[in-house]
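# Tertiary structure, described
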Amino acid sequence: MQVRLLYLYTAITVTMQSIIQTDMNLFFREIGFNNAVVGNITSASLWGAAILGLGVSIFADILGRKRMLIVALVFFPLANLAMILTNNMSLILLFSFIKGGFMVVSHTVVQALAIDLTSPKNRAQVIGLNFGIMMGVGVLGNFLGGAFGSWLGLQNTLFLAVAGYLFGLAPLLAIQDKFICGSIRSVFDISHFNKEQKVIIVFHFLTTVTIGFGAGLFIHFGNLIFKDLFNMSTFGIGIALAIAQMGTAISNVFTHRMGVYFGPLKFKLVTQTLVVPLIFSMAFIRNPIFFIIVYAMRFVLMNSGNPIINTIINSYVPKDKISTIAGLNAFMNNSVRAVAAMLFGYIVGASIEGYTTLFVISGIFYTINVLIAYLMYKRYENDPQVKELYHHSR
């Protein structure tokens, strides 16, 4: 029952987040902001996810995961509402920073809560399914954002999404979370970590930095990319993004089984290797149908390994530090993505040819990530703790 409440909370909040993500950048373009300005607004959100999000994640390990999720459920919609209503650039950047800080808990703190509600026997399946729900309702959110953005207008659609986000409070209040009482000193104390725990966390952070920068160059601007390259309508953009997330949602239903059958880290290595040629091809494909297919395949393959790595990492980390480690990882991820987002407008500029350079640079970082994934596979694929999570691995 508790796990189902977590699924419902995820479904509601991520649907509304996806509507907001689909329409917010287009709304700013509609009121006259150029790519460089939109990139700076996105960058502010990512810095908020890095800095403020880290603080929220740490306090979740001290004050309790449920409490911090309730706080986020209030501040995230308020920050988005303020961004929609003001024309002052300084205030938009400030509220974007706050928005990012409280949006990231849907990943960091929810991961920790999922660990609390599961055991090693069902953890991989639950986390995989929750991630699949995130992707699946993301499809719904992208579709609704595109459809209602075209029919009701972008601003009105954003108002509806902000209001709808608050409905996530109902299942969240019903979840029974064990209160965790700690201190900042105890949260950051890693003296009792063994060598394998430290090494796997380092691998995790290195992967985060390389993928964070490579993806950060374009992943937050999918709506602008489709608009600039192919002049798609808001509805068409929503459909294109929905196709990518639909494939990911379907694949994540089977991620646990694929990890069991092939071996979790081998499956992750193969999928991330296949992503590299797709990224480089996006630099040169200018047919909208082919581009959407390649974009969707990249999205599916890259995200299919996320439930696996999250399950493994969170099973190595002590329970009282899961939110903090996830927060540190999010800090690194969003910091490099913030830098990458700032570079988006300058690399692309006003020329379509700028997208070629963008995807080539991105592809280089994805290639480096494959090397890290290989080292991680060689060291941990046959580790007893990994085999316990995917206990039928061949």
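Residues numbered from 1 in each chain as written. Predicted model: local features only at pLDDT ≥ 70, side-chain atom pairs only at ≥ 80, totals over all residues. Heavy atoms only, no water.

## Regarding the packing of helix α5 (residues 105–116) against helix α6 (residues 120–151)
Between α5 and α6, whose axes approach to 10 Å, the crossing angle comes to 145°. α5 and α6 meet at a crossing whose hand is right-handed. Along its contact with α5, which presents His107, Val110, Ala114 and Ile115, the element α6 presents Arg123, Ile127, Asn130 and Met134. When its residues are assigned to classes, the contact of α5 with α6 shows 5 nonpolar, 2 polar and 1 charged. (Axes fitted to C-alpha atoms, helices over the stretch in contact; angles between N-to-C directions. Helix = DSSP H or I, 4+ residues; strand = E, 2+ residues; numbered from the N terminus. Left-handed = near helix turned anticlockwise from the far one by under 90°. Contact = heavy atoms within 4.5 Å. Nonpolar A, V, L, I, M, F, W, Y, C, P; charged D, E, K, R; others polar.)

## Thoughts on the packing of aromatic side chains
Using the criterion set out here, one finds 14 aromatic pairs in the structure. Considering the side-chain rings of Phe27 and Phe28, the 5.7 Å spacing of their centres and the 50° angle between planes classify their relative orientation as tilted. Comparing Phe27 with Phe28, the two get one shared label, buried. Ring geometry for Phe226 and Tyr295: centres 5.2 Å apart, planes at 70°, overall edge-to-face. Pair noted here: Phe226 is in helix α11 (residues 222–230) and Tyr295 is in helix α15 (residues 288–304), with a separation of 69 residues, a long-range link. (Phe/Tyr/Trp six-rings, centres within 6.5 Å; stacked < 30°, edge-to-face > 60°. Buried < 20%, exposed > 50% of the residue type's maximum accessible area, 1.4 Å probe, protein only.)

## Things to note about the environment of Val38
Structurally, Val38 is set in helix α2 (residues 35–63). On the basis of relative accessibility, which here comes to 0%, the residue Val38 falls in the buried class. Residues Val38 and Phe221, 183 residues apart in the sequence, show an inter-C-alpha distance of 9.1 Å. Discounting chain neighbours no more than four positions away, the residues touching Val38 are Asn25, Phe28, Arg29, Phe33, Phe221 and Leu224.

## Some words on the packing of helix α10 (residues 195–216) against helix α18 (residues 354–380)
Where α10 contacts α18, the two axes come as close as 8 Å, and the packing angle between them is 165°. Here α10 lies roughly antiparallel to α18, going by the angle between them. Note that α10 runs across α18; the crossing there is left-handed. Taking contact as the criterion, the partners of Lys195, Glu196, Val199, Ile200, Phe203, Leu206, Thr207, Thr210, Ile211, Phe213, Gly214 and Ala215 in α10 are, on α18, Ile361, Ser362, Phe365, Tyr366, Ile368, Asn369, Ile372, Leu375, Met376, Arg379 and Tyr380. For the contact of α10 with α18, the class distribution of residues is 15 nonpolar, 5 polar and 3 charged. (Parallel < 35°, antiparallel > 145°, perpendicular 65-115°, else oblique.)

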